[in-house]
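Okay, here's what each chain looks like letter by letter:
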Amino acid sequence: MRPAQLAQPRVAPSILAADFSQLGAQVRDVLEAGARIIHVDVMDGHFVPPITMGPLAVGALRGLTSEYGALLDVHLMIERPEHQVSEFTRAGADIVTIHAESTPHLDYALAEIRAGGAAAGLAVCPSTPVTVYGEVAAAIDLALCMTVNPGWGGQQFIEASIGKLARLAPLLAEGVALAVDGGIAPGTAERCKAAGAGVFVAGTAVLGTKDPAGSYVALAEAVGDPRR
Ligand code: DX5
Ligand code: ZN
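Residues numbered from 1 in each chain as written. Chains lettered and ligands numbered in written order. Predicted model: local features only at pLDDT ≥ 70, side-chain atom pairs only at ≥ 80, totals over all residues. Heavy atoms only, no water.

Focus: the coordination of the zinc ion (ligand 2)
Taken together, the protein donors to the zinc ion (ligand 2) comprise His39 (NE2), Asp41 (OD), His75 (ND1) and Asp181 (OD), at separations of 2.0 to 2.3 Å. Seen from the zinc ion (ligand 2), its 6 donor atoms lie at angles of 71 to 170 degrees, and the figure they make is octahedral. Mapped onto the sequence, the donors of the zinc ion (ligand 2) take the spacing H-x1-D-x33-H-x105-D. With His39 in strand β2 (residues 37-43) and Asp181 in strand β7 (residues 177-181), this pair connects stretches of sequence that are 142 residues apart. Accessibility assignment for this pair places His39 and Asp181 in one class, buried. (Donors = N, O, S within 2.8 Å, 3.2 Å for Na, K, Ca; no water. Tetrahedral: all angles 85-135°; square planar, octahedral: opposite > 155°, others 65-115°. Helix = DSSP H or I, 4+ residues; strand = E, 2+ residues; numbered from the N terminus. Buried < 20%, exposed > 50% of the residue type's maximum accessible area, 1.4 Å probe, protein only.)

A closer look at the site of ligand 1
Neighbouring ligand 1 are 20 residues; Asp41, Gly151, Asp181, Gly203 and Thr204 lie closest to it. Between ligand 1 and His75, the relevant distance is 3.2 Å, taken from an oxygen atom to a side-chain nitrogen or oxygen of the residue. In the model, an oxygen atom of ligand 1 is placed 2.4 Å from a nitrogen or oxygen of the Thr204 side chain. In isolation ligand 1 exposes 380 Å². Once the protein is present, 99% of that is buried. (Near = heavy atom within 4 Å. Polar contact = N/O pair within 3.5 Å; in protein donor to acceptor, adjacent residues only side chain to side chain. Areas by Shrake-Rupley, 256 points an atom, 1.4 Å probe, with all protein chains shown as cover.)

Regarding the environment of Arg10
Its location among the elements puts Arg10 in strand β1 (residues 10-13). Accessibility expressed as a relative area gives 3% for Arg10, which makes it buried. Arg10 has contacts with Gln5, Arg36, Ile37, Gly198, Val199, Phe200, Asp225, Pro226 and Arg228, leaving out every residue within four places of it along the chain. (Contact = heavy atoms within 4.5 Å.)

Some thoughts on the sheet that holds strand β6 (residues 142-146)
In spatial order, the strands read β1-β8-β7-β6-β5-β4-β3-β2; together these 8 strands make up an open sheet with parallel pairing. Where the open sheet ends on each side, the last strands, each with one partner, are β1 and β2. Within this sheet the neighbouring strands show an average axis-to-axis angle of 25 degrees, counted without direction. As paired elements, strand β4 (residues 95-99) and strand β5 (residues 119-124) share 5 bridges and run parallel to each other. Within β5, the position partnered with Val96 by the bridge is Ala120. Each of β2 and β3 (71-77) is contacted by helix α2 (residues 55-67), which is oriented at about 155 degrees to β3, the strand it contacts most. The sheet strands contacting helix α8 (residues 212-223) are β1 and β8 (199-202), and the helix crosses β1 at an angle near 150 degrees. (Pairing = 2+ DSSP bridges. Axes fitted to C-alpha atoms, helices over the stretch in contact; angles between N-to-C directions.)

The quantities given are spatial measurements derived from coordinates; they are silent on function.
This is the structure:
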C-alpha cells in the first residue's frame, strides 16, 4: 500500500539531528509546522559504524505521528534486515527502507516489509549502481538514493547524485516515490527535485538548527511540500 502522503513533494525531518533530551517536543514542532514524514535512522554498528536506535524509538513516536496523520519512515542501515523487519513493522513503522547492499535476499526482505503492513523502501549507497531497481521494480514503494555515504549526519552532498537520480527515476514503476538523503538543504533539494526526487530527508538542515519548525518551512517551500 502506497501512503497518500507520498503523492506530493515532502520534506522528511530526520531525528538523527535532534536533541534527544527534547525529542518529543521537537518532533511535535515540525509536525505542527506541517511535516508529514518523520525519518528514523537505525544503525547497527556493522553495516555502518555507528549504533543509533531501534524499534523502541519507533514505538515511542508512533502516537505522536498518528495524531498528525504523519508517516514514520524507518531507514534501516543494518545487516541482514530480513531478520528485523517485523520488529519495526510491529512497532508502527509506516515505511521500512532497507539497503540493497545489506542482504543477498533483497526480494524476500522487501516482501517481508509489505507482509508486515508497511510500505517497502529500497536504498542504495553512492557507489551502488541504480540497475538493482530494475530487478525489484514491482516490490518497492519508495526508492532512497543516498546522497552521502550512510552512517553520519552533517556530511557534504555528493554532486554525482544529480546524474544518478536522473538515471534512477526512469527505472521506477508509476507512483513509486524517489527520496534523497544526506546533505539536503534548500539548494541541494531544489536540484534533486529537478532530477526527479520527491522526498527530501534532512537532519542537520531541520532538527539540527535552532529553529526546527522555521527550518522545515523554508525547506518545504523550496520543494513545494504542501505542509499539511
Ligand atoms: C545518514 C542518514 C541521514 C541523516 C542525514 O546516514 O541516513 O538520514 O540524518 O543527515 P544530514 O541531513 O545532516 O545530512
Ligand atoms: Zn536516513
